[in-house]
Amino acid sequence: MSPVPLVVLVGPMGVGKSTVGQQLAERLGVAYRDTDDDIVAEQGREIAEIFVDEGEPAFRSIEKRAVLTALAGHDGVLALGGGAILDADTRALLVGQRVVYLSMDVEEAVKRTGLNVARPLLAVNPRKQWRELMEARRNLYEEVATAVVATDGRTPEEVTRAVLDALELKKA
């Protein structure tokens, strides 16, 4: 039987999946993995470059493979890219997994990311585009989630504790 992630984190860009994921892994005494990092390592270039050079459909295909590989081979804390849940096959693979949706509102997103141009889907009118992305994705995040943890106004440590509490996981 192949390993299954202990916890899978989903949510929008800038919500803190990497920071919280690393803290969770440390607290639980397991490894941390981020599919965005896997993609950058495999492709040898940043995600924004893939979007620009090949377009979103090509990136989503690369992302789907990275998520499939990580879900099948990682038994620690796994963070998925913000749009990974757009793929129906990926959502199906998350059924039965311990998935936490880290949520935040647009004002928090502005504070955290500055909604900057390094985010390829937010290059023009970032606030409006972030709202539209979230309207399209929120129900998908909720669909796959075992638990939802709001990150607004919370430190990464507070979010980490909230995730542990929500999943009733023991801290190392």
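Look up a bit, the structure's there.
Residues numbered from 1 in each chain as written. Predicted model: local features only at pLDDT ≥ 70, side-chain atom pairs only at ≥ 80, totals over all residues. Heavy atoms only, no water.

Visitor: I would appreciate a short explanation of the packing of helix α3 (residues 47-54) against helix α4 (residues 56-73) in the present structure.
Guide: Where α3 meets α4, the closest approach of the two axes is 7 Å, and the angle between their N-to-C directions is 130 degrees. Here α3 lies oblique to α4, going by the angle between them. Every residue of α4 that contacts α3 at I47, I50, F51 and E54 is listed here: E56, A58, F59, R60 and I62. (Axes fitted to C-alpha atoms, helices over the stretch in contact; angles between N-to-C directions. Helix = DSSP H or I, 4+ residues; strand = E, 2+ residues; numbered from the N terminus. Parallel < 35°, antiparallel > 145°, perpendicular 65-115°, else oblique. Contact = heavy atoms within 4.5 Å.)

Visitor: It is not clear to me how the environment of G96 should be interpreted in this structure. Could you clarify?
Guide: Within the fold, G96 resides in the loop between α5 (88-94) and β4 (99-103). Along the sequence, G96 and T146 sit 50 residues apart, while their C-alpha atoms lie 8.6 Å from each other.

Visitor: What exactly am I supposed to notice about the environment of L94 here?
Guide: Looking at where L94 falls in the secondary structure, it is placed in helix α5. Of the residues examined, L94 reaches a relative accessible area of 1% and is grouped as buried. Sequence spacing of L94 and V144 is 50 residues, and the spatial spacing of their C-alpha atoms is 6.3 Å. With residues up to four places along the chain from it excluded, the contact list for L94 reads V8, L71, L80, I85, V99 and V144. (Buried < 20%, exposed > 50% of the residue type's maximum accessible area, 1.4 Å probe, protein only.)

Visitor: Explanation requested: the nonpolar core in the structure shown.
Guide: Soluble, globular proteins show a tendency: their nonpolar side chains are buried together. Counting 20 residues, the largest nonpolar core has V7, L9, L24, V100, L102 and V163 as the members making the most contacts within it. Elements with a minimum of two residues in this core: β1 (7-10), α1 (17-28), β3 (77-79), β4, β5 (147-150) and α8 (156-167). The element that contributes the greatest number of residues to this core is α8, accounting for five residues. In this structure V100 touches V7, V8, L9, V10, A147, V149, V163 and L167, once residues within four positions along its chain are discounted. With 16 residues, the next largest nonpolar core counts V10, I85, L94 and Y141 among its residues. (Core = buried A, V, L, I, M, F, W, Y, C linked by side-chain atoms within 4.5 Å.)

Visitor: What should I look at first to understand the packing of aromatic side chains in this one?
Guide: Where two aromatic rings form a pair, the distance of their centres and the angle of their planes describe that pair. The final tally for this structure, using the stated rule, is two aromatic pairs. Taken together, a centroid distance of 4.9 Å and an interplanar angle of 35 degrees make the contact between F51 and F59 tilted. Here the two residues F51 and F59 agree in accessibility, since each one is buried. With centroids separated by 4.9 Å and ring planes inclined at 20 degrees, the aromatic side chains of Y101 and Y141 adopt a geometry described as stacked. In this pair, Y101 is assigned in strand β4 and Y141 in helix α7 (residues 126-144), connecting sequence segments 40 residues apart. (Phe/Tyr/Trp six-rings, centres within 6.5 Å; stacked < 30°, edge-to-face > 60°.)

Visitor: What exactly am I supposed to notice about the packing of α1 against α8 here?
Guide: The angle between the axes and the distance between the axes are what describe a pair of packed helices. Remark: α1 packs on α8, axes separated minimally by 9 Å, with the N-to-C direction vectors making an angle of 60 degrees. Of the possible angle classes, the one that applies to α1 and α8 is oblique. For the pair α1 and α8, the sense of crossing is right-handed. In this structure, α1 uses T19, V20, Q23, L24, R27 and L28 to contact α8, whose residues at the interface are P156, E157, V159, T160, R161, V163 and L164. Classifying every residue of the contact of α1 with α8 by side-chain character gives seven nonpolar, three polar and three charged. (Left-handed = near helix turned anticlockwise from the far one by under 90°. Nonpolar A, V, L, I, M, F, W, Y, C, P; charged D, E, K, R; others polar.)

Visitor: Is there a simple way to think about the sheet that holds β4 in this case?
Guide: Ordered in space as β2-β3-β1-β4-β5, the five strands form an open sheet in which the pairing is parallel. If you trace the sheet from one side to the other, it starts and ends with β2 (32-34) and β5, each paired once. Neighbour-to-neighbour, the strand axes of the sheet open up by a mean angle of 25 degrees, direction not taken into account. Examined bridge by bridge, β1 and β4 share three bridges and lie parallel to one another. In the strand pairing of β4, L9 is matched with V100. Running over the sheet, α4 touches β1, β2 and β3 and is turned about 165 degrees from β2. (Pairing = 2+ DSSP bridges.)

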